[in-house]
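These are the residues of each chain, in order.
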Amino acid sequence: MSAKKPVNTESWNADFAVLMESRLGSLYRRMMLRRSRFSELLADKEKRIIDIGCGYGAGLAYFRSQGYRNLAAIEPDAQLTRDIPASMSVELRHCRAEKIAFPDRSFDAVFVYGILHHLSGFDAYWAACDEIDRILKPGGFVFIIEPGRYWVILLLEPIFKALGLFSRTFKAYGRTMDEERTEQHFFLKNHGKVREYLLKKGFRVRVDDYLVYTWLFTIQKPAEKG
Ligand SMILES: C[S@@+](CC[C@H](N)C(=O)[O-])C[C@H]1O[C@@H](n2cnc3c(N)ncnc32)[C@H](O)[C@@H]1O
C-alpha cells in the first residue's frame with residue numbers, strides 16, 4: 001500500500017483525536033512510560049529517539065517536554081501528522097513499521113506505543129521486529145507498550161461500552177476498539193510469540209510486565225563485541 005493512502009478510516013482518526021485530547025489518555029500514557037523505565041534508561045537527553053507510528057504526535061510532545069531534542073518518527077497515515085508543529089523539529093517520514101525509511105543503526109531508542117496490534121499478523125510482526133532491530137544501535141533500547149492481557153480486554157469491553165453512554169472519551173474508545181478488534185485480539189493472543197522472536201535475536205529484557213491490560217516490554221540490544 002502507498003504510504004500516502006490513509007491507513008485508518010476517517011471515523012477511527014476522529015475517535016483517536018478525542019482520546020488524544022482526554023486527560024485520562026495522557027495520564028495513562030505517562031504512567032506506562034514511567035513503568036517502561038524510559039527516563040532511567042535514557043538519562044542522556046541527547047539520545048536519538050524514534051517514535052514508530054507517532055499518530056498525532058502525543059508521544060513526541062511528551063518526550064520533548066522531558067527535554068529530549070533529538071527526535072524522529074514514522075507514521076503511515078499522513079492525515080494524522082499534519083498538525084505536528086515544525087517547532088518540534090521532528091525528522092518525520094511517512095512509512096510503515098514493516099519498512100522503516102531510516103538507515104541501519106540510526107537510533108539509541110525505539111518507541112512502539114500501540115502499533116503492533118494494528119499490524120496484520122505474524123509476517124508483519126516479524127518484518128517490523130527486523131526493521132526495529134536494523135535501525136537500532138548496538139546497546140540501544142526498544143520500548144514496547146501494547147495491549148497484552150486478553151482476558152482483561154474481554155472483561156473491559158462491556159464496561160467501556162457502558163461508560164461510553166456517559167463519557168465522550170469512553171464512547172470514542174469503545175468505537176476504536178470495535179474497529180481494530182480483529183487485529184487487536186489476534187495480537188493479544190499471540191504477543192508471546194513477538195516476545196520470543198525478539199529474545200531469539202539476543203535482546204536483554206529490562207522490563208517485562210503487565211499493567212491493567214497493557215504489556216510493557218523494554219529490551220536492550222546487545223552491545224557490539226570487541
Ligand atoms: C493507537 S495509535 C498510537 C499512536 C501513537 N503511537 C501514540 O502513542 O499516540 C496507532 C497508530 O499506528 C499507526 N499505524 C497503523 N499501521 C501501522 C504500521 N503498519 N506501521 C506504523 N504505524 C502504523 C496508525 O496510523 C496510528 O497512528
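Our structure's up above, just so we're on the same page.
Residues numbered from 1 in each chain as written. Predicted model: local features only at pLDDT ≥ 70, side-chain atom pairs only at ≥ 80, totals over all residues. Heavy atoms only, no water.

**Describing the sheet that holds strand β4 (residues 107-113)**
A sheet is described by the order of its strands in space; here seven strands give the open sequence β3-β2-β1-β4-β5-β7-β6, paired in mixed fashion. Whereas interior strands pair on both sides, the edge strands pair on one side only; in this sheet they are β3 (91-93) and β6 (204-211). Averaged over all pairs of adjacent strands, the angle between strand axes in this sheet comes to 15 degrees, irrespective of strand direction. Sheet analysis places β4 next to strand β5 (residues 136-147), joined by six bridges and oriented parallel. Following the sheet pairing, Ala 109 is matched in β5 by Phe 141. Contacts from helix α2 (residues 23-35) reach β4, β5, β6 and β7 (214-220) within the one sheet, and its direction differs from that of β6 by about 145 degrees. Contacts between helix α9 (residues 181-200) and the sheet are confined to β5, β6 and β7, with β7 contributing the most and set at about 15 degrees to the helix. (Pairing = 2+ DSSP bridges. Helix = DSSP H or I, 4+ residues; strand = E, 2+ residues; numbered from the N terminus. Axes fitted to C-alpha atoms, helices over the stretch in contact; angles between N-to-C directions. Contact = heavy atoms within 4.5 Å.)

**Quick look at helix α7 (residues 150-163)**
For α7, spanning 14 residues, the distance from its first C-alpha to its last is 20 Å, which sits close to the expected 20 Å at 1.5 Å a residue. Along α7, the residues classified as buried are Val 152, Ile 153, Leu 156, Glu 157 and Phe 160. (Expected span 1.5 Å × (residues − 1). Buried < 20%, exposed > 50% of the residue type's maximum accessible area, 1.4 Å probe, protein only.)

**Quick notes on the packing of aromatic side chains**
In the structure shown here, the tally under the stated rule is 23 aromatic pairs. When the centroid spacing of 5.1 Å and the interplanar angle of 65 degrees are considered together, the rings of Phe 122 and Phe 186 count as edge-to-face. Of this pair, Phe 122 sits in helix α6 (residues 122-135) while Phe 186 is found in helix α9, placing the two residues 64 residues apart along the sequence. Feature note: the residues Phe 122, Tyr 125, Trp 126, Phe 186, Phe 187, Tyr 197, Trp 215 and Phe 217 constitute an aromatic cluster, connected by ring pairs. The ring of Tyr 68 is capped by Lys 45, whose NZ or CZ atom sits 5.2 Å from the centre of that ring. Positioned above the aromatic ring of Phe 102, the side-chain terminus of Arg 93 is 4.1 Å from the ring centre. (Phe/Tyr/Trp six-rings, centres within 6.5 Å; stacked < 30°, edge-to-face > 60°. Lys NZ or Arg CZ within 6 Å of the ring centre and 35° of its normal.)

**As for the pairing of strand β2 (residues 71-74)**
Side-chain direction in a regular strand flips from residue to residue, so the side chains alternate between the two faces of the sheet. Covered by surrounding structure in β2 are Leu 71 and Ala 73 together with Ala 72 and Ile 74, the residues of both alternating faces. Here four bridges tie strand β1 (residues 49-52) to β2, and the two strands are oriented parallel to one another. Note on β2: the bridge partner recorded for Ile 50 is Ala 72. Each parallel crossover has a hand, and the one from β1 via helix α4 (residues 58-65) to β2 is right-handed. Two strands pair when backbone bridges link them, and β2 and β3 are joined in this way by three bridges, in the parallel orientation. Of the residues in β3, the one forming a bridge with Ala 73 is Leu 92. (Right-handed = clockwise from strand over helix to strand, strands pointing away.)

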